[in-house]
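Remarks on the overall topology
The chain contents come next:
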Amino acid sequence: MARWLRYTHGGRDGFGRLDGESITVHEGDLFSTPTPTGETLPLADVTLDLPCRPSKLIALWNNFHAAAEKQGLERPEAPLFFVKPPNTYRASGQAVTIPDGLGRILFEGELGIVIGRRGRDLSPEAAAEHIFGYTCVNDVTALEVLKADPSFVQWTRSKGFDGFGPFGPVIATGLDPDALSVAVRVNGRERQRYPLADMIFKPREIVALVSRGMTLEPGDLIACGTSNGAGPIPKGATVEVDIEGIGVLSNAFA
């Protein structure tokens, strides 16, 4: 297993592998045989950046058996998803400013799949080879905006405000998601926890089905959906999404 991150240090951007509390600096392309430079940096001395820069963030809905059962939803025949635009991206440690007048804002802790190879119309077997690794995602939602107009559910608007798609802090490779769980803490208090083994569509199935007619690029991010327990973000709260083997995505909401 390896954990990759991007950072800023001394006015210089870079990326590397996280080894304990130090970073082994690399150069080249993260998704194509990155090369160590021989330099190391203390993690405490850098500012975390987004671990990758997706051309698109695809986010699933209704992808957990427990949540579907609680909400009375049927199992979808294919992944149900929307797209969050790049203005929503925020790195771990960056603050999110919530616009006035949006009403209740929800956290949704999720596993994110990071694509490592370009592909389209993939089989599940081929899709597994296109998954580079995994990260933490907070799919932030303005709940009252979502259903403000009875004629149209506003997925993009309610989830597309600046900073409403934090992810990070790293991309972890070599993980078995079925062995992991997602936990979310608000101001240090656990508010959500669920097992990833409960997913309706598993990561390689998700990638294969999403890739039908849609080209996935290296660095693209697919959020696997959330389960029971998503809840409100109080004003001024810090929200942490914690997945074992990946780390903790932490953002303050101003």
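Residues numbered from 1 in each chain as written. Predicted model: local features only at pLDDT ≥ 70, side-chain atom pairs only at ≥ 80, totals over all residues. Heavy atoms only, no water.

Re the nonpolar core
The biggest cluster of nonpolar side chains holds 56 residues, and the ones touching the most others in it are Ile-113, Ile-206, Val-207, Ile-222 and Ile-246. The element best represented in this core is helix α5 (residues 203-210), accounting for four residues. Apart from the residues lying within four places of it in its own chain, the contact partners of Val-207 are Ile-113, Ile-115, Leu-122, Ala-127, Ile-131, Leu-216 and Ile-222. (Core = buried A, V, L, I, M, F, W, Y, C linked by side-chain atoms within 4.5 Å. Buried < 20%, exposed > 50% of the residue type's maximum accessible area, 1.4 Å probe, protein only. Helix = DSSP H or I, 4+ residues; strand = E, 2+ residues; numbered from the N terminus. Contact = heavy atoms within 4.5 Å.)

Topic: the sheet that holds strand β14 (residues 181-186)
Pairing in this open sheet of four strands is antiparallel, and the strands run β15-β14-β18-β19 from one edge to the other. The sheet is open, and its two edges are formed by β15 (189-195) and β19 (247-252), each paired on a single side. The sheet shows a mean angle of 15 degrees between the axes of neighbouring strands, taken without regard to direction. Inspection of the sheet shows β14 paired to β15 by six bridges, in the antiparallel sense. Of the residues in β15, the one forming a bridge with Ala-183 is Arg-193. (Pairing = 2+ DSSP bridges. Axes fitted to C-alpha atoms, helices over the stretch in contact; angles between N-to-C directions.)

With respect to the state of the cysteines
If you walk through the whole model with that rule in mind, you get zero disulfides. Cys-136 takes part in no disulfide bond, and the closest cysteine sulfur, belonging to Cys-224, lies 11 Å away. (Disulfide = S-S within 2.5 Å.)

Section: the side chain of Glu-108
One can find Glu-108 in the loop between β9 (105-107) and β10 (109-115). Polar side-chain contacts of Glu-108 include one of 3.0 Å to the side chain of Thr-141. Not counting residues up to four positions away in its chain, the partners in contact with Glu-108 are Val-137, Asn-138, Asp-139, Thr-141, Lys-159, Gln-192, Thr-226 and Ala-230. (Polar contact = N/O pair within 3.5 Å; in protein donor to acceptor, adjacent residues only side chain to side chain.)

Some thoughts on the side chain of Asp-198
In this structure, Asp-198 sits in the loop between β15 and α5. Lys-202 is the oppositely charged side chain nearest to the buried, salt-bridge-free Asp-198, at an N-O distance of 7.4 Å. From its side chain, Asp-198 meets the backbone nitrogen of Ala-66 in a polar contact 2.9 Å long. Setting aside residues up to four positions removed in sequence, Asp-198 forms contacts with Asn-63, Phe-64, His-65, Ala-66 and Ser-227. (Lys, Arg positive; Asp, Glu negative; His and termini not counted. Salt bridge = Lys/Arg side-chain N within 4 Å of Asp/Glu carboxyl O.)

Brief notes about the layout of surface pockets
Looking at the largest pocket, its volume works out to about 480 Å³. Taken together, the elements giving at least two residues each to the lining of the largest pocket come down to β6 (57-61), α1 (65-71), α3 (143-146) and α4 (155-159). Among the elements that take part in the lining of the largest pocket, α1 stands out by supplying three residues, more than any other. Roughly 220 Å³ of volume is contained in the second largest pocket. Along the wall of the second largest pocket there are 13 residues; nearest its centre are Ile-98, Pro-99, Gly-103, Ile-105 and Lys-235. A class-by-class count of the residues in the lining of the second largest pocket yields eight nonpolar, two polar and three charged. (1 Å grid on protein atoms, 1.4 Å probe; cavity = no way out; pocket = protein on both sides within 12 Å on 5 of 7 lines; lining within 4 Å. Points joined across faces, edges and corners; volume = space filled by probe spheres on them. Nonpolar A, V, L, I, M, F, W, Y, C, P; charged D, E, K, R; others polar.)

What about unusual backbone geometry?
At the junction of Gly-168 and Pro-169, the peptide bond is cis and its omega measures out at 0 degrees in the coordinates. Within the secondary structure, Pro-169 sits in strand β13 (residues 165-173). The backbone of Thr-33 shows a phi angle near 45 degrees, a positive value even though the residue is not glycine. Looking at where Thr-33 falls in the secondary structure, it is placed in strand β4 (residues 32-42). For Thr-33, a relative accessible area of 68% puts it in the exposed group. Although it is not a glycine, Asn-62 adopts a positive phi angle of roughly 55 degrees. Inspection of the secondary structure puts Asn-62 in the loop between β6 and α1. On the basis of relative accessibility, which here comes to 10%, the residue Asn-62 falls in the buried class.

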